[in-house]
Amino acid sequence: MASRILPISKIAILSLFICVALVSADKEEEEYGLVRDGDDKKHFLGHKMEKLSHFRFYWHDTYSGKNPSAVTIVKPPANHTTMTGFGTVTAFDDPLTAKPELSSKLLGRAEGFYAVSSQEEFSLLIAMNFVFLQGKYNGSTISIFGRNRVPDKVRELPVIGGSGLFRFARGYAQVSTYSYDTASGDAVAEYNVYLLHY
Ligand SMILES: *[C@@H]1O[C@H](CO)[C@@H](O)[C@H](O)[C@H]1NC(C)=O
Ligand SMILES: *[C@@H]1O[C@H](CO)[C@@H](O)[C@H](O)[C@H]1NC(C)=O
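Residues numbered from 1 in each chain as written. Chains lettered and ligands numbered in written order. Predicted model: local features only at pLDDT ≥ 70, side-chain atom pairs only at ≥ 80, totals over all residues. Heavy atoms only, no water.

An unreviewed UniProt entry annotates the protein chain as Dirigent protein originating from Morus notabilis. Here is the UniProt Subunit (unreviewed entry) comment for the protein chain, exactly as written: "Homodimer." Of the protein chain, the UniProt comment under Subcellular location (unreviewed entry) reads exactly: "Secreted, Extracellular space, Apoplast". (UniProt positions renumbered as here; feature names shortened; annotations may be inferred.)

**What to know about the overall build of the protein chain**
A tally of regular secondary structure across the protein chain gives one helix and 12 strands. Going from the N terminus to the C terminus, the protein chain shows its helices and strands as α-β-β-β-β-β-β-β-β-β-β-β-β. Out of the 198 residues in the protein chain, the part that is buried amounts to 38%. Considering only contacts within the protein chain whose residues lie at least 6 apart along the sequence, 47% involve residues at least 24 apart. Here the protein chain displays about 11700 Å² of accessible surface, and carbon together with sulfur accounts for 59% of that area. (Helix = DSSP H or I, 4+ residues; strand = E, 2+ residues; numbered from the N terminus. Buried < 20%, exposed > 50% of the residue type's maximum accessible area, 1.4 Å probe, protein only. Contact = heavy atoms within 4.5 Å. Areas by Shrake-Rupley, 256 points an atom, 1.4 Å probe, with all protein chains shown as cover.)

**Looking at the site of ligand 2**
The immediate surroundings of ligand 2 are formed by Leu133, Gln134 and Asn138. Take Asn138: an N or O atom from its side chain is 2.3 Å from an oxygen atom of ligand 2. Contact with the protein chains covers 25% of the free accessible surface of ligand 2, which is 370 Å². (Near = heavy atom within 4 Å. Polar contact = N/O pair within 3.5 Å; in protein donor to acceptor, adjacent residues only side chain to side chain.)

**Structural notes on a nonpolar patch on the surface**
Nonpolar side chains collect at one region of the surface, where Val71, Ile73 and Val74 lie side by side and expose about 240 Å² of accessible area between them. Mapped onto the elements, Val71 comes out in strand β5 (residues 70-74). (Patch = residues over 30% accessible without salt bridge, like charges linked within 9 Å, V, L, I, M, F, W, Y side chains within 5 Å. Salt bridge = Lys/Arg side-chain N within 4 Å of Asp/Glu carboxyl O.)

**Let's talk about the packing of aromatic side chains**
Counting across every chain of the model gives 16 aromatic pairs. With a centroid separation of 5.4 Å and an interplanar angle of 85 degrees, the aromatic rings of Phe130 and Tyr191 are classed as edge-to-face. Of this pair, Phe130 sits in strand β8 (residues 123-132) while Tyr191 is found in strand β12 (residues 187-197), placing the two residues 61 residues apart along the sequence. No difference in accessibility class separates Phe130 from Tyr191, as the two residues are buried. Counting every residue linked through ring pairs, the aromatic cluster contains Phe55, Phe57, Trp59, Phe92, Tyr114, Phe130, Phe132, Tyr137, Phe166 and Tyr191. (Phe/Tyr/Trp six-rings, centres within 6.5 Å; stacked < 30°, edge-to-face > 60°.)

**Describing the environment of Asn192**
With respect to the helices, strands and loops of the structure, Asn192 is situated in strand β12. Using a relative accessible area of 10% as the deciding quantity, one classes Asn192 as buried. Between the C-alpha atom of Asn192 and that of Phe57, which follows or precedes it by 135 residues, the distance is 6.9 Å. Residues contacting Asn192, with those up to four places away along its chain left out, are His54, Phe55, Arg56, Tyr172, Ala173 and Gln174. Within the local environment of Asn192, its side chain forms a polar contact with the side chain of Arg56, the two groups lying 3.0 Å apart. Within the local environment of Asn192, its side chain forms a polar contact with the side chain of Glu190, the two groups lying 2.8 Å apart.

Pasting the structure below:
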């Protein structure tokens, strides 16, 4: 039984490793928005194993002010008005930041458009690329295409691919509204992206 008890020195070394792992995970979250990396290994591509990563960041869609990041490019015809604004198309180039504040670290941009695609409820078809701008992810992209029913607490959007470090990416993004200004339409949304990639 005594041999099962770890000597103090081993415990110390073990806790040191755990601390190092935690510190480096914290640093990556701050640097890239990466919450989890490298678990659930499944397939190999050449010498690389497929892994599951979790990214978290904040998406700022701004209509107001002198430099809006979102512009409505198509309005529905005057003789087809709906409660939802069905047919409205907005293009955006939105900053993605590490924290909910726009002044926090810029991790990337979301470039794309969304269309009001339901006549009965406030639901969007959204198509966009996330372009990452920091460290090893700089220049890598992931592509998202899906349905965003805005009133839902959590919406789920499919990740349909990626480039650079996100080649062969698949997965999903969970989106929740962080803040919404009904007067201007300005919105901040939290994105949690779960990605299988190499
Ligand atoms: C709406 O207006 C367009 C262009 O004037 C016309 O072609 C179309 O028939 C109208 N649709 C309806 C439902 O009135
Ligand atoms: C990201 O890449 C671009 C283009 O290669 C470069 O100009 C920029 O300095 C890089 N940014 C970072 C933070 O490494």
